[in-house]
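Fold and contact review
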Amino acid sequence: MNIIDIIVFLLFTGGIVFFGCSFYNKKSSATEFTNAGKSIPGWVIGMSIFSTYVSSISYIGNPGKAFASDWNPFVFGLGIPIASYFAAKYFVPFYRDNGSVSAYAFLEERFGSWARYYASACYLLTQVARMGSILYLLAMPMNVLMGWDLRTVIIITSVAIILYSMLGGMKAVIWTEAIQGFILIGGALVCLFILLFSMPEGPMQTFEIGMNTLIEGTDRCKFSLGSFSLTELGEATFWVTLVYGVFINLQNYGIDQNYVQRYHTAKTEKEARNAALFGGWLFIPVSAVFFLIGTALFAYYQVMPDSAVAEYVANGKPDYVFPYFIVHSLPDGLTGLLIASVFAAGMSTVATSVTSCATIIYTDYYKKIRRNAGEKESLLTLKASSVVVGAIGVVVALALTNVESILDAWWILSSVFSGGMLGLFLLGYMSLKVKNIHAFLGVLAGFIVIAWISAAEWLGLPPSGLHGYLAIVLGTVSIFVVGFALSAIIPRKK
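Presented here is an overview of the structure given in this document. In this text the structure is predicted, and so the values were computed from the model without any measurement. (Residues numbered from 1 in each chain as written. Predicted model: local features only at pLDDT ≥ 70, side-chain atom pairs only at ≥ 80, totals over all residues. Heavy atoms only, no water.)

**Quick word on the overall build of the protein**
Along the backbone of the protein there are 20 helices and zero strands. Here the C-alpha atoms of the protein give a radius of gyration of 22 Å, agreeing with the 23 Å that 2.2 N^0.38 yields for 494 residues. With the C-alpha coordinates aligned to their principal axes, the bounding extent of the protein is approximately 75 × 60 × 40 Å. For the protein, buried positions account for 60% of its 494 residues. Sequence-distant contacts, at least 24 apart, represent 85% of the contacts inside the protein between residues at least 6 apart. When the accessible surface of the protein is split by element, carbon and sulfur atoms take 67% of a total near 19500 Å². (Helix = DSSP H or I, 4+ residues; strand = E, 2+ residues; numbered from the N terminus. Rg over C-alpha atoms; globule rule 2.2 N^0.38 Å. Buried < 20%, exposed > 50% of the residue type's maximum accessible area, 1.4 Å probe, protein only. Contact = heavy atoms within 4.5 Å. Areas by Shrake-Rupley, 256 points an atom, 1.4 Å probe, with all protein chains shown as cover.)

**With respect to unusual backbone geometry**
Positive phi values are uncommon outside glycine, yet A36 reaches one of about 60°. By the element assignment, A36 lies in the loop between α2 (30-35) and α3 (42-53). Under the relative-accessibility criterion, A36 is labelled buried at 1%. You will see that K38, though not glycine, has its phi angle at about 50°, which is positive. With respect to the helices and strands, the residue K38 is situated in the loop between α2 and α3. A residue is classified by how much of its surface remains accessible, and K38, at 37% relative accessible area, is partly exposed.

**Things to note about the side chain of T476**
Position of T476 relative to the elements: it lies in helix α20 (residues 470-489). Owing to a relative accessible area of 2%, T476 belongs among the buried residues under this scheme. Not counting residues within four places of it along the chain, the set of residues in contact with T476 comprises F247, G420, L422 and G423.

**Some details on helix α12 (residues 269-303)**
Taking 1.5 Å as the rise per residue, α12 with 35 residues should run 51 Å; its terminal C-alpha atoms sit 52 Å apart, in good agreement. Of all the bends in α12, the largest measures some 25° and sits at I284, one to four residues before the proline P285. (Expected span 1.5 Å × (residues − 1). Bend = angle between axes of the 7 residues up to and from the residue.)

Okay, structure coming up:
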């Protein structure tokens, strides 16, 4: 990487860290740390929500998926418009009226402390898995680019992210994410443009190759969204992926602390509603850009074969192809911009996870023990929690360095750890008849279903024959159906 690329990369990443740290305020309170003083404009929150979606998993993993296979994972994002609609209409006003910055305070009001601890623990586990996956993909381009050790890059980057998250709180995270959102969109568009116009016969050659190349063992091309079969429930068909996307995105908007916390940072309820819609809808066209980059990379290396790319494919590392292209095929200066874009995607999402997890540790656990904690102690707890959560994320990232496909790993981990907590939320939100015992038994049934689908082989159970994506879908449905049915069977106390 030449001096121009290094300057571009360092100016961006250093500038982001400095900008985030500039929000440090000695007079800041615990409330301002968690909700930014309800001072953030709606468009900034919308860009922040979008940047949270577009992590390094999207920036590196999605092109890797499209390069190796087809556009089936793109279907996941098609569930976002449904989720963002429900968020704007129901979830935003519900949480702003509820008042608590914790997404799980409502569950305690409905079903008792166990429900809040269950949901918050699932959230913390999911975020730790996510941080580890993203930190790994964030460091990977620098490993390809400079030969730097993955572990060293993960640790140094994490320290920078934790620093401005801890000093600036939610305000620093949201504003830096908005800036990072513009950078990562610009970087992706530039890269796609170069790929398309580098083809010997022009941009249409990419589409011709994609349409004429069949996925091995199928009759589908590189642009395929997957099989439309309604019976192949053991495969990631269009319908399986779509249903999974709807449930995951409803969970994101409905009970994910990352999103709920942002609803509280808007100046008005209207701006919070618009932010939810804007952030979700923007993700779809940008996601399409990432998948098109993957297909364009496939076409590019079909026309201009490269031994290093062939080796990545042979070793089952399609995620490495996009970083390799960035290093070896972009003009001077643009390499630094694209690497900065990858870092923008990863830094924004990790910073969000650090701050939201710190908030949950403080609101759902620490305040239970120290109900009368002073302002100084509360703020110190939030900052210390940020450091601890960030450190755990680093440990997970280091453990994931040997995982073959980081995108698959993340989706499976998120399905298992989330544990169908959307079903528990819907039980409390949609019916007053469902009480503590009904909800508890519903959650137990959901856990059994999730364990059966996700870990049947490990548990020595007969295989479910269902794809892992359906774990959260059927787990959520089981919790809701069992809890609701039991409310009609088991009488509640007068």
